[in-house]
2 protein chains.
Amino acid sequence: MDLPSKYLNEAVEQFASLPSIGKRSALRLVLDLLKRSPEEIDRFSNAIKGIKENIKYCENCGNISDDKKCVICANPAREHRTVCVVEDIRDIMAIEATRSYRGIYHVLGGVISPMDGQGPEDLNIPTLLTKVREDKIDEIIFALSSTMEGDTTNFYIYKKISPSDITVTTLSRGVSVGSELHYADELTLGRSILQRLPFESTFKSK
Amino acid sequence: MDLPSKYLNEAVEQFASLPSIGKRSALRLVLDLLKRSPEEIDRFSNAIKGIKENIKYCENCGNISDDKKCVICANPAREHRTVCVVEDIRDIMAIEATRSYRGIYHVLGGVISPMDGQGPEDLNIPTLLTKVREDKIDEIIFALSSTMEGDTTNFYIYKKISPSDITVTTLSRGVSVGSELHYADELTLGRSILQRLPFESTFKSK
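Thresholds, definitions, all that
- Residues numbered from 1 in each chain as written.
- Chains lettered and ligands numbered in written order.
- Predicted model: local features only at pLDDT ≥ 70, side-chain atom pairs only at ≥ 80, totals over all residues.
- Heavy atoms only, no water.
- UniProt positions renumbered as here; feature names shortened; annotations may be inferred.
- Helix = DSSP H or I, 4+ residues; strand = E, 2+ residues; numbered from the N terminus.
- Least-squares fit on C-alpha atoms with pLDDT ≥ 70 in both.
- Contact = heavy atoms within 4.5 Å.
- Buried area = accessible area lost by both parts, 1.4 Å probe.
- Salt bridge = Lys/Arg side-chain N within 4 Å of Asp/Glu carboxyl O.
- Nonpolar A, V, L, I, M, F, W, Y, C, P; charged D, E, K, R; others polar.
- pLDDT = per-residue confidence, 0-100.
- Axes fitted to C-alpha atoms, helices over the stretch in contact; angles between N-to-C directions.
- Parallel < 35°, antiparallel > 145°, perpendicular 65-115°, else oblique.
- Left-handed = near helix turned anticlockwise from the far one by under 90°.
- Core = buried A, V, L, I, M, F, W, Y, C linked by side-chain atoms within 4.5 Å.
- Buried < 20%, exposed > 50% of the residue type's maximum accessible area, 1.4 Å probe, protein only.
- Pairing = 2+ DSSP bridges.
- Arc of directions from axis to C-beta.

A closer look at the UniProt feature "zinc finger region: C4-type" (unreviewed entry) in chain A
- UniProt feature "zinc finger region: C4-type" (unreviewed entry): in the numbering of this structure it lies at residues 58–73 of chain A.
- Annotated as residues 58–73 of chain A, this span is 0% helix and 12% strand, and its ends, taken at the C-alpha atoms, are 8 Å apart.

As structure tokens, then:
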């Protein structure tokens, strides 16, 4: 793609470096920006500068935060002895949106993935192990992706914490709520048969 | 979507203001940026600042340029008396990629679209009319989108230039090269029958 300006080209290159944005889409985005006022452009570029300068990570759980502790960890009404282990902050947002969880979180920042050169040392695991050692946790809930990498990471942490008087749980897997049975994939359907539940438990809520 | 940081929120809002990027995609892009080094973030935000500060428009045709004249208008080997009228610079790139055109361009910056509040006065039409009046053009080629708005714009300019000794042409419309006939839409197929060409003209190139 031959662009008529090197500044345009640089902006397009930068946008095209973002995930799932190709050169053509990047050009469309930059041309849209070009139509805006200098103030709007400034606001955009300052917003990007701002993320690195201002965004902090919660010292307790690794969630993104403007303060030392994120809003969830700083909330005394949450159950601080129940920790849900997630991959990144989008998972926190997804779980929070269900309004079914009152504990706190622990953000790993990814999963163990040798293919991508990401080992346990690249993840936010040590602080979790420290919390376990210092006896601050009653239950750990694994809420990582249901992939090989997610399962590996679950197992790695499980081995490290060598659970004695700590409960370790994981999200239940099964047929989606509201979906027709014959659309479920074999693995999911198989798991939901093997891990079948007492019928009463599905309508008697705690 | 409840984000745990106002700086994150601001960056997400900005990305979500771009065309065809929703809040979820915007968050994904910002989280990707967050993983980068401060230098990379700086480069990104400077590239955006740079487009407004450095990009100029060719004084002759309205194409994006780093100098007073764009590379096409500055090229003496181009036929400067043949002008192809396009909507934006992406159309120039598309036509240049065909390597079939040796003239110059004129970028309108859009089409007449009352629905979007865009009238003729918002477009780069006066400079084109001046060129016509000063007898600098032999042929004008309309290469706007084949939509109601594009057709309206063509007709508006056609009326304004009241062609006397100037040739006005438009892109031929018809069945795509390489496509099967029964996949063509009715309008296109209809046009390609009404505007059928002498068979010899399709293999005798000039």
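Details of the relation of the copies chain A and chain B
- In screw terms, the move from chain A to chain B is a rotation of 180° and a rise of 0.1 Å along the axis, fitting with an RMSD of 0.1 Å. In short, the pair behaves as if placed about a two-fold rotation axis. Residue Ser45 of chain A of chain A places its C-alpha closer to the rotation axis than any other residue of that unit, at 2.3 Å.
- In this assembly the copies share their binding face: 100% of the residues contributing to the interface of chain A also contribute to that of chain B.

Quick notes on the interface of chain A and chain B
- At the junction of the two partners, chain A supplies 52 residues and chain B supplies 53 residues.
- For the pair chain A and chain B, the summed buried surface comes to about 5,000 Å²; carbon and sulfur atoms form 69% of the total.
- At the surface where chain A touches chain B, the tally comes to four salt bridges.
- Between Arg43 of chain A and Glu10 of chain B there is a salt bridge; the shortest N-O distance is 2.9 Å.
- Broken down by secondary-structure element, the contributors of at least two residues to the side of chain A that touches chain B are helix H1 (6–16), helix H2 (23–34), helix H3 (38–54), strand S2 (64–65) and helix H4 (89–98) of chain A.
- The class makeup of the residues in the side of chain A that touches chain B is 27 nonpolar, 11 polar and 14 charged.

Some remarks on the confidence of the model for chain A
- For chain A, per-residue confidence averages 89 on the pLDDT scale, and 97% of positions sit at 70 or higher.
- Mean pLDDT across the secondary structure elements of chain A bottoms out at helix H7 (residues 186–194) of chain A, with 84, and peaks at strand S4 (residues 103–107) of chain A, with 95.

Observations concerning the packing of H1 of chain A against H2 of chain A
All names here are of chain A.
- Orientation of H1 relative to H2, taken along the N-to-C sense of each, is 125°, at an axis distance of 8 Å. Judged by the inter-axis angle, H1 sits oblique to H2. Both H1 and H2 take part in a crossing whose hand is right-handed. Contacts between H1 and H2 pair Leu8, Ala11, Val12, Glu13, Phe15 and Ala16 from the former with Lys23, Ala26, Leu27, Leu29, Val30, Leu31, Leu33 and Leu34 from the latter.
- Taken together, the residues of the contact of H1 with H2 sort by class into 12 nonpolar, no polar and two charged.

Overview of the nonpolar core
- Formed by 46 residues in total, the largest nonpolar core has its most connected members in Leu8 and Phe15 of chain A together with Leu8 and Phe15 of chain B.
- Residue assignment for this core shows that the elements contributing at least two residues are H1, H2, H3 and H4 of chain A together with helix H1 (6–16), helix H2 (23–34), helix H3 (38–54) and helix H4 (89–98) of chain B.
- What Leu8 of chain A contacts, discounting residues up to four positions off in sequence, is Leu3, Leu27, Val30, Leu31 and Leu34 of chain A together with Ile55, Ile64 and Ile89 of chain B.

A closer look at the sheet that holds S4 of chain A
Residue and element names in this part refer to chain A.
- Spatially, S4-S3-S5-S6 is the arrangement adopted by the four strands of the open sheet, whose pairing is parallel. A single partner strand is all that each edge strand has here, and the edge strands are S4 and strand S6 (167–170). The mean angle between the axes of side-by-side strands here comes to 25°, regardless of whether they run parallel or antiparallel.
- Strand direction decides the pairing type here: strand S3 (residues 79–86) and strand S5 (residues 139–142), joined by four bridges, are parallel. The residue of S5 that forms the bridge with Val83 is Ile140.

Examining helix H5 (residues 126–133) of chain B
Residues and elements named next belong to chain B.
- Here H5 has its buried residues at Leu128, Leu129, Lys131 and Val132. Buried residues in H5, looked at end-on, bunch into an arc of 155°, giving them a common side. Every exposed residue of H5 that faces more than 90 degrees away from the buried side is listed here: Pro126 and Arg133.
- Among the structural elements, strand S3 (79–86), strand S4 (103–107), strand S5 (139–142) and helix H6 (148–161) are those in contact with the buried residues of H5.
- Residue Asp135 follows H5 closely and has a positive phi angle near 60°.

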